Amino acid sequence: MEYILLVIGFVLLIKGADWFVDGSSNIAALLRISPILIGLTIVAFGTSSPEMTVSIFAALDGSADVALGNVVGSNIFNITLVVGLAAFLFPLKVQNETIKKEIPFTLLSTAALLIIMSDVFLQGERNNLITRGDGLILLLFFSLFMIYVFEIALKDRNATKEKPLPEGVTWGKNILFSVLGLAAIIIGGEMVVTNATNIAYTLGMSETLVGLTIVAIGTSLPELVTSVSAALKKQSEIALGNIVGSNIFNILLVLGTSSVITPLAFDDKVFIDIFLMVILTIILLIFSRTNFKIGKREGLILALAYIAYLVYIIIRN
């Protein structure tokens, strides 16, 4: 039965992403703002909902390794396999603002997470812990990011207010498509994570490994299907904005909220994964500066990097 529910979850994810991309891109046109801002906000928040749900419940259940591993594993999955597959299917155009501000903000968020986790090294504590205070700091960073996004959205809208609206595009239809698509993504993601995790535990996998692999991949499937679907529809701004926004949401909002609810103690092995996340974010920034696009070659490199990472953590655990 778990295998059947797993397949149903995948179907909901794929169809939901198709509706969600169509609806959100049309809403961007109606709002007279660029698709990447929709990707950084509405789409990113929607596709990060499974990470939020899983990490909060994992924190409440005392499974901090799953809560943290889910976020770290999801972000690595997003940077490598999701961006890689999307770029391999259709080269992703990168806006100047994304290179100068949004990707560096992702890097800053990762660095902030690394610092607040390093209690033993920086403060001489006996154990590393993400405290409620640390969580509030992450949420403060998230508030600053949202202020920046809304300021850019207002400027973008004022600059394009004379642009004619597309014909045949209505609010009601596209809001309905977006809501139904988001609902299908969240329900499908939950079904995939729940059933895949049960299967993984049955096979004898550790909690840390489950968090970094099965749960991380499962909760990132919305990002994967949404970005791939956007790339196939040649909506590269939504594809990349979704990933950048989701990674910021995962670190600042998901981990911030989870640690405010309950402090997170974790396995120190995850520091290696966070260092890798920093390196991969830097690589993404370098690739983005190449002719302001991430091409098929860069996409293939990123996808292969995830396969290598997956082999490494399976052997490690």
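Sequence positions are assigned chain by chain, starting from 1 and proceeding in written order. Reporting of local features is limited, given that this is a predicted model, to residues whose pLDDT is at least 70; pairs of side-chain atoms are given and counted only at 80 or more, and all residues count toward the totals for whole chains, interfaces and linings. Working from all heavy atoms in the structure, the side-chain values ignore hydrogens and water.

Draft legend 1. Summary view of the overall build of the protein chain. The number of helices and strands found in the protein chain is 11 helices and four strands. Against the compact-globule benchmark of 20 Å for 317 residues, the protein chain has a radius of gyration of 19 Å, which places it among compact chains. For the protein chain, the C-alpha atoms occupy an extent of roughly 60 × 45 × 40 Å along the three principal directions. Note on classification: 1.4 Å probe, protein chains only; a residue is buried when its accessible area is under 20% of the maximum for its type, exposed when over 50%, partly exposed between these limits. Expressed as a percentage of the 317 residues in the protein chain, the buried residues total 54%. Put simply, DSSP marks the helices as runs of H or I at least four residues long and the strands as runs of E at least two long, and each gets a number from the N terminus on. Throughout, radius of gyration means the C-alpha value; the globule benchmark is 2.2 Å times the number of residues raised to the power 0.38.

Draft legend 2. Fine view of helix α11 (residues 296-316). Helix span, expected: 1.5 Å multiplied by one less than the number of residues in the helix. In this model α11 runs 30 Å from its N-terminal to its C-terminal C-alpha over 21 residues, within 8% of the 30 Å that 1.5 Å per residue would give. Residues of α11 that are buried include every one of E298, G299, L302, A303, Y306, Y309, I313 and R316, and no others. Down the axis of α11, the smallest arc covering the buried residues is 145 degrees, so these residues share one side. Facing away from the buried side of α11 by more than 90 degrees, the exposed set consists of R297 and I315. When we speak of the arc, we mean the arc of directions from the helix axis to the C-beta atoms.

Draft legend 3. Highlighting unusual backbone geometry. Residue K234 is not a glycine yet carries a positive backbone phi of 60 degrees. Residue position: K234 is located in the loop between α8 (207-232) and α9 (236-261).

Draft legend 4. Fine view of the packing of aromatic side chains. Classification of ring pairs uses Phe, Tyr and Trp, with its six-membered ring standing for Trp, and accepts pairs whose centres are within 6.5 Å; under 30 degrees between planes counts as stacked, over 60 as edge-to-face, and the remaining range as tilted. Enumeration according to the criterion identifies seven aromatic pairs in this entry. Where F142 meets F249, the ring centres are 5.1 Å apart and the plane angle is 85 degrees; that geometry is what we call edge-to-face. With F142 in helix α6 (residues 132-159) and F249 in helix α9, this residue pair connects regions lying 107 residues apart in the sequence. The two residues F142 and F249 agree in class, both being buried. Taken together, a centroid distance of 5.8 Å and an interplanar angle of 65 degrees make the contact between F266 and F271 edge-to-face. Residue F266 is classed as buried on the basis of its relative accessible area of 10%. Within the aromatic cluster, the residues linked to one another by ring pairs are F77, Y306 and Y309. Placement of a positive charge over a ring is assigned whenever Lys NZ or Arg CZ falls within 6 Å of the ring centre and within 35 degrees of the normal to the ring plane. The ring of F88 carries the charged tip of K296 above its face, separated from the ring centre by 5.4 Å.

Draft legend 5. Just the pattern of salt bridges, in detail. We define a salt bridge as a contact between a side-chain nitrogen of Lys or Arg and a carboxyl oxygen of Asp or Glu at a distance within 4 Å. Across all of its chains, the model carries two salt bridges by this definition. Here D273 and R316 are joined by a salt bridge, their closest N and O atoms 3.0 Å apart. A residue pair is termed long-range when its members are at least 10 positions apart, and D273 in helix α10 (residues 270-288) and R316 in helix α11 qualify at 43 residues. On the basis of relative accessible area, R316 is assigned to the buried category, the value being 17%. Put simply, R297 and E298 hold a salt bridge, and the shortest N to O gap is 4.0 Å. Since its relative accessible area comes to 62%, R297 is described here as exposed. For E298, a relative accessible area of 8% translates into the label buried.

Draft legend 6. Region of interest: a nonpolar patch on the surface. A cluster of nonpolar side chains, contributed by F88, L300, L304, I307, V311 and I315, occupies part of the molecular surface with about 580 Å² of accessible area. It is α11 that provides the largest number of residues to the nonpolar patch, a total of five residues. With respect to the element layout, F88 can be found in helix α3 (residues 64-89). Of the residues examined, F88 reaches a relative accessible area of 40% and is grouped as partly exposed. Each patch is assembled from residues with relative accessible area greater than 30% and no salt bridge, linking like charges that lie within 9 Å and nonpolar side chains (Val, Leu, Ile, Met, Phe, Trp, Tyr) that lie within 5 Å. Areas reported here follow the Shrake-Rupley algorithm with a probe of radius 1.4 Å; residue values treat only the protein chains shown as occluding.

Draft legend 7. Geometry of the packing of helix α2 (residues 35-60) against α9. Orientation of α2 relative to α9, taken along the N-to-C sense of each, is 35 degrees, at an axis distance of 6 Å. Helix-helix and strand crossings are classified by hand; for α2 and α9 the assignment is right-handed. Note that Gly is not counted as nonpolar here; it falls among the polar residues with everything else outside the nonpolar set of Ala, Val, Leu, Ile, Met, Phe, Trp, Tyr, Cys and Pro and the charged set of Asp, Glu, Lys and Arg. Looking at the contact of α2 with α9, its residues break down into 16 nonpolar, 12 polar and two charged. Where helices are involved, their axes are fitted lines through C-alpha atoms of the stretch in contact, as for all axes, and angles between N-to-C directions lie from 0 to 180°. By convention the crossing between two helices is left-handed if the near helix lies anticlockwise of the far one by an angle smaller than a right angle, and right-handed if it lies clockwise.

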